[in-house]
Amino acid sequence: MEIIEYSMIELIDPTGILTGNRYEFRIYVKFDEEDELYNEKGTGIRVIYVVDGEVGKVASYHLFERSTEAMIDFDLDDEEIVQLGAFCEEQLEEE
């Protein structure tokens, strides 16, 4: 999985119930043609990343087809989720 583009916005909790800061990342990735997630139209991953105190984590994610935004019902493996978390953390540190 190669990250080729992303966007990020901070999500605001209007109720104030949730602790920490939440960010929505739209990460566009490229998979090898042999990978079962390969899609010639491109694949995106919507990630909700939560930072509570000094701890950040991927709270949720879902994959989608880039051209139509249709959801792809598939789970990433643990290694790929760790890669997404590290990427999100890195981007927030650069802010």
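Residues numbered from 1 in each chain as written. Predicted model: local features only at pLDDT ≥ 70, side-chain atom pairs only at ≥ 80, totals over all residues. Heavy atoms only, no water.

Visitor: Help me understand the sheet that holds strand 4 (residues 55-65), please; the structure alone is not making it clear to me.
Guide: Strands belonging to one sheet form pairs held by backbone hydrogen bonds; the direction of such a pair is parallel or antiparallel. Strand order in the open sheet formed by five strands is 1-2-3-4-5, and the pairing between neighbours is antiparallel. Of all the strands in the sheet, just strand 1 (2-11) and strand 5 (71-72) have a single pairing partner and so form its edges. Of the strand pairs in this sheet, strand 3 (residues 43-52) and strand 4 are connected by 10 bridges, and their pairing is antiparallel. Looking at strand 4, one finds that Y49 is bridged to V58. Packed on one face of the sheet, helix 1 (residues 78-94) meets strand 1, strand 2 (21-30), strand 3 and strand 4 and runs near 65° to strand 3. (Pairing = 2+ DSSP bridges. Helix = DSSP H or I, 4+ residues; strand = E, 2+ residues; numbered from the N terminus. Contact = heavy atoms within 4.5 Å. Axes fitted to C-alpha atoms, helices over the stretch in contact; angles between N-to-C directions.)

Visitor: Just checking my understanding: could you explain the pattern of salt bridges for this structure?
Guide: Close approach of charged atoms allows side chains with opposite charge to pair. The tally for this structure, following the rule as stated, stands at four salt bridges. Among the salt bridges present, the one from R26 reaches E24, with a minimum N-O distance of 3.2 Å. The partner of E24 in a salt bridge is R46, with the nearest N and O atoms 3.3 Å apart. Residue E24 is found in strand 2, and its partner R46 is found in strand 3; the two are separated by 22 residues along the sequence. Taking the relative accessible area as the measure of exposure, R46 reaches 26% and is therefore partly exposed. Each of E24, R26, R46 and E69 takes part in one network of salt bridges that share partners. (Salt bridge = Lys/Arg side-chain N within 4 Å of Asp/Glu carboxyl O. Buried < 20%, exposed > 50% of the residue type's maximum accessible area, 1.4 Å probe, protein only.)

Visitor: Help me out: how do you make sense of the environment of T15 in this one?
Guide: Tracing the chain through its elements places T15 in the loop between strand 1 and strand 2. Using a relative accessible area of 54% as the deciding quantity, one classes T15 as exposed. The spacing of T15 and E79 is 64 residues in sequence and 34 Å in space, taken between C-alpha atoms. At 3.2 Å, the side chain of T15 forms a polar contact with the backbone nitrogen of I17. (Polar contact = N/O pair within 3.5 Å; in protein donor to acceptor, adjacent residues only side chain to side chain.)

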